[in-house]
Amino acid sequence: MRNIMSVAQRIGLCATTAVALCAPAYAQTKQQTELTFDDIVVTATRQSQRLQDVPMAVDVTTGEQITRLSILNVSDIQQLSPGLQITNTTGRNNTATLRGISFDPDSGAFPAVEVYFNEMSVNAQQTFAALYDIAQIEVLRGPQGSTRGKTAPAGAITIATRRPDLNEVNGYVQGTAATRDAYNLQAAVSIPLKSDVLAVRAAVLTDKNRANHVRNIHTGERSRSETKSGRLSVAYEPSPDFRTDVVYQYLDVDSRVFQQVVGTGNQPRLLDPSRSGPAIDVDDRLSVTEGPAHFKNRSHFLTLNASWDLGTHELAFSGGYVDTKLRARRDYDPTNAVPDFINLQDTDTRYDGLTGELRLASRFAGPINYTVSAYRSAISGPTAVSQQSATFFPSTLLGLPGPATPIAASTGLFLPLDITTTVPIKNVTESIAGSLEFQLTDKLRAEVAARYNWLRSNFQTYLTVNTPGLPLFGVPAGTMIGPDLPSNAKTAHRFKALTGGGSIVYEASPDVTTYLSYGHSYRFGPVAVGLTDPLSADLTQTDDETSDSVELGIKSKLLDRRLSLNAALFYQKINNYISRVPQVYYSANRDGAITSSFDFNFNGDVKSKGAEISLSATPTDNWDLDVAASYVDARYDNASAPCNVFDASGKIIIPVGQETARCTRDDRIAEAPRFSLSANTEYRVPVGTNDAFVRALLTYQPGFNSDLAQFKYSSLTNLNIFIGLRSENGWEISGFVKNVFNQERIRSISSSIGQVGTVDPDVVFSSGYRTVSVSAPREFGLTATLNF
């Protein structure tokens, strides 16, 4: 706790300095204007409340901010929300990390940060690709276990689209063009069909960019991503007491994202004359994969939100339907450890399902109010993985003299393997929830909430391995059924869990609120899927995870409401945190010989503590300023994890009697710095009847040492500047420079050099490269917007 307080003092000093800078300007302009902050309204607790009154840390990004700061995808929201990290290193999976708690989508666990689209629980991959015609995005920090249907240990992101206007025609057209072959076109129009009763809103988007800006050295092709989406919304309000909103959205994403690498490359050897590639540095932005990197996402969403004011109660429904098809074709050897061989993997995933929650909330004038709700989500669909793999051999099997080396794929002396895995899955989540709110005095209120969850997960695994054989080495042709599960085996898991929380809120004045809150969440432990060897349950089955968090916060509006200052301290303990380590080598026979590698899940206890602060100010009529900072120390607490251990020569060592090496971990659980800061500002100057403006968006993350990757990350200072002209007639045009300092920094890096083994554990193909994800280079662009 001492560490938290020291960090809070440092952040508080920054905030105090900012207040001091703003105060003189405030004193000079107080006589000129009575302008104050508008109260921000959020739905973090499933009811419309002032941000000031919500007993949790919430970051709010409005549709206006999204437009003005040229935020064109959801991952850019992290620039306005310190401590939030949204990554997509392969083009296939979007991952959100919050308060230092990360998540691997391939683990099979529920996300650490749940995502809601118009209050319907969705997969991040379905929604992060298209950001347009948005009303508001809220980032809810801390365990989520009571207000919404699914629980999560780190938080939630809610995305609300703009609703049709029942009274007037309005909309916008916006176009953005940038260097590096990027453009974004979007538009929306709202039309009332019957005034005050029925209206529709249509919105469209087309976007093209170079994704991670990487070029493949073998083909010369660059990474690229194309997104097309359309949305139709209908609002129906037959009376002031009832309203329903129906939204349909179509999404089509087609991307080719090549994995960037850095390193010296390998050297030619006997029977392995090919090189993986040349020496590559970070700013080269190159890929050496010989195979494809193609990803497609086609999704249909249908959401329904309805509310009925019954006087003393309100009855509300939120839910919808989703149908998604994901296809990925990629080379599973991204570092090209085995030249002249494409380890091709095709993954087809389709899932669809219905989600709905019915909620009844009282609206009594007395001191006690309550809510009750029932929730159900049923998502099903198969995942099919087809992989063209191979078993490789050392030169010693040919009786050649000299040191053993891998036999190159170009010789054709390897054993081809066609591996097919099909996993039909159905996940059902059901829950009932309730809350009680007590207005104890005029200034003091308390709330308790609980949710009882039933979860069912059913899946089948079909696994086959086909080989044409290799007579030279005595390997016959044949088909095998994977030994982990029979071809028609079923696995069913059922879980029950109680989640929830409580809060005490003290409203010292209409402008100062303090709170103390508690939250409890749960995630069930997934089972390893696709493993082709019968390993122990210690490696294939993870335990259930529980999380408990305490948060102390204050929210205030000062200086005649020209300054908003919010701060929070938190402490969280996670029992059996579900984590994942990629490409850990194992010995199925426990004899020290490497059988293969696998991405293993594991459990480990975690402790997380930190402080968060945000400041919004209007020093003058023409100047707005927002600053936010976060410090989080989230690390394992003596966790035992599967790992790779190397000797002095770089050889992987697996102790005899064990299936994998094990490492004790007390390091950070996410590859992210403890501290992060974000600031944005706009200054306006009248030019006739128009306003000229300068905007800036600054984010800062310090460097840090990673124990997992054995790598020192460099600090990153990212500055975006916008200069433009805005008319009172609704048009705006601006030029921008993103990443002004052109800092290209590694944001994630693999823990080891890419390798592919042979049947001899002492002989491996080594690429000499590590995979990396790097911040985007400097970009110039122009945006024009017309609102009507």
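Quick summary incoming for the structure in this document.

Basis of the calculations
- Residues numbered from 1 in each chain as written.
- Predicted model: local features only at pLDDT ≥ 70, side-chain atom pairs only at ≥ 80, totals over all residues.
- Heavy atoms only, no water.
- Helix = DSSP H or I, 4+ residues; strand = E, 2+ residues; numbered from the N terminus.
- Buried < 20%, exposed > 50% of the residue type's maximum accessible area, 1.4 Å probe, protein only.
- Areas by Shrake-Rupley, 256 points an atom, 1.4 Å probe, with all protein chains shown as cover.
- Core = buried A, V, L, I, M, F, W, Y, C linked by side-chain atoms within 4.5 Å.
- Contact = heavy atoms within 4.5 Å.
- Patch = residues over 30% accessible without salt bridge, like charges linked within 9 Å, V, L, I, M, F, W, Y side chains within 5 Å.
- Salt bridge = Lys/Arg side-chain N within 4 Å of Asp/Glu carboxyl O.
- Polar contact = N/O pair within 3.5 Å; in protein donor to acceptor, adjacent residues only side chain to side chain.
- Disulfide = S-S within 2.5 Å.
- Phe/Tyr/Trp six-rings, centres within 6.5 Å; stacked < 30°, edge-to-face > 60°.
- Lys NZ or Arg CZ within 6 Å of the ring centre and 35° of its normal.
- Pairing = 2+ DSSP bridges.
- Lys, Arg positive; Asp, Glu negative; His and termini not counted.
- Axes fitted to C-alpha atoms, helices over the stretch in contact; angles between N-to-C directions.

A word on the overall build of the protein chain
Then, number 1: The number of helices and strands found in the protein chain is four helices and 46 strands.
Then, number 2: Looking at the 788 residues of the protein chain, the share that counts as buried comes to 51%.
Then, number 3: Carbon together with sulfur atoms contributes 57% to the accessible area of the protein chain, which is approximately 33100 Å² in total.

Section: the nonpolar core
Then, number 1: In this structure, Ile137, Ile157, Ile159 and Phe600 are the most contacted members of the largest nonpolar core, which totals 64 residues.
Then, number 2: Looking at this core, the element that brings in the most residues is strand 29 (residues 563–586), giving six residues.
Then, number 3: If we ignore the near neighbours within four places in the chain, the residues touching Ile159 are Val74, Val115, Tyr116, Phe117, Asn118, Thr127, Ile134, Gln136 and Ile137.

Considering the environment of Val113
Then, number 1: Tracing the chain through its elements places Val113 in strand 6 (residues 113–117).
Then, number 2: By relative accessible area, Val113 is classed as buried at 5%.
Then, number 3: Between the alpha carbons of Val113 and Thr151 there is a distance of 8.9 Å; along the sequence they are 38 residues apart.
Then, number 4: For Val113, the residues in contact, after removing those within four places along its chain, are Ala96, Leu98, Ala154, Gly155, Ala156 and Ile157.

Section: a nonpolar patch on the surface
Then, number 1: A cluster of nonpolar side chains, contributed by Val169, Val173, Ile191, Leu193, Trp731, Ile733, Leu782, Leu786 and Phe788, occupies part of the molecular surface with about 790 Å² of accessible area.
Then, number 2: At the level of elements, strand 11 (182–194), strand 41 (731–738) and strand 46 (779–787) are the ones that each hand at least two residues to the nonpolar patch.

Observations concerning the side chain of Thr349
Then, number 1: Among the secondary structure elements, Thr349 is positioned in strand 20 (residues 344–362).
Then, number 2: Among the polar contacts made by the side chain of Thr349, one reaches the side chain of Thr383 at a distance of 3.5 Å.
Then, number 3: Residues in contact with Thr349, not counting those within four places in the same chain, are Thr324, Lys325, Leu326, Pro382 and Thr383.

Observations concerning the state of the cysteines
Then, number 1: Going through the model one piece at a time under the given rule, you end up with one disulfide.
Then, number 2: Each sulfur of the disulfide joining Cys643 and Cys663 lies 2.0 Å from the other. Disulfide Cys643-Cys663: torsion about the S-S bond near 80 degrees, hence right-handed. Linking Cys643 in strand 32 (residues 639–643) with Cys663 in strand 35 (residues 661–665), this pair joins segments that are 20 residues apart in sequence.

Quick look at the packing of aromatic side chains
Then, number 1: This model, assessed by the stated rule, comprises 16 aromatic pairs.
Then, number 2: Residues Phe110 and Phe524 carry aromatic rings whose centres are separated by 5.0 Å and whose planes lie at 85 degrees to one another, so their mutual orientation is edge-to-face. Of the two residues, Phe110 sits in the loop between strand 5 (95–98) and strand 6 while Phe524 sits in the loop between strand 27 (512–523) and helix 4 (537–540), which places them 414 residues apart along the sequence. In this structure, Phe110 and Phe524 share a single accessibility class: buried.
Then, number 3: For the cation-ring pair, Lys150 lies above Phe110, with the distance from its terminal atom to the ring centre recorded as 5.3 Å.
Then, number 4: Sitting over the face of the ring of Tyr132, Arg231 holds its NZ or CZ atom 4.2 Å from the ring centroid.

Section: the pairing of strand 6
Then, number 1: With five of five residues buried, strand 6 is to be regarded as a mostly interior element.
Then, number 2: Residue alternation in strand 6 divides its side chains into two sets, Val113, Val115 and Phe117 and Glu114 and Tyr116, and both sets are buried.
Then, number 3: With five bridges joining them, strand 6 and strand 9 (residues 155–161) adopt parallel strand pairing. From the neighbouring strand, Val113 faces strand 9, where its bridge partner is Gly155.
Then, number 4: The pairing of strand 6 with strand 7 (residues 120–122) spans three bridges and is classified as antiparallel. Residue pairing for strand 7: Val115 is matched across the bridge by Val122.

Overview of the side chain of Arg770
Then, number 1: Within the fold, Arg770 resides in strand 45 (residues 769–774).
Then, number 2: Buried charge without a salt bridge: Arg770, with Glu671 as the nearest opposite-charge side chain at an N-O distance of 7.5 Å.
Then, number 3: A polar atom in the side chain of Arg770 sits 2.5 Å from the backbone oxygen of Ala709.
Then, number 4: Within the structure, Arg770 has its side chain in polar contact with the backbone oxygen of Ser750 (distance 2.7 Å).
Then, number 5: When near neighbours in sequence (up to four residues on either side) are disregarded, Arg770 contacts Gln260, Val261, Val262, Ala709, Gln710, Phe711, Ile749, Ser750, Ser751, Ser752 and Ile753.

Some points on the sheet that holds strand 16 (residues 260–263)
Then, number 1: The antiparallel open sheet is built from three strands, whose spatial order is 16-45-42. Looking at the sheet topology across the chains shown, the edges are occupied by strand 16 and strand 42 (746–749). Shown here is a sheet whose adjacent strand axes are inclined to one another by a mean of 45 degrees, direction ignored.
Then, number 2: In terms of strand pairing, strand 42 meets strand 45 through three bridges, oriented antiparallel. Bridged to Ile746 within strand 45 is Val774.

Some thoughts on the sheet that holds strand 3 (residues 58–62)
Then, number 1: Across the sheet, which stays open at both edges, the five strands sit in the order 3-8-9-6-7 with mixed pairing between neighbours. Only two strands of the sheet have a single neighbouring strand rather than two, namely strand 3 and strand 7. The mean inter-strand angle of the sheet, taken between neighbouring strand axes irrespective of direction, is 20 degrees.

Section: the environment of Pro164
Then, number 1: Locating Pro164 in the fold gives a position in the loop between strand 9 and strand 10 (170–178).
Then, number 2: Taking relative accessible area as the criterion, Pro164 reaches 6% and is therefore assigned buried.
Then, number 3: Dropping the residues within four chain positions of it, Pro164 is found in contact with Ser190, Ala199, Val200, Arg201, Ser233, Val234, Ala235, Arg243 and Asp245.

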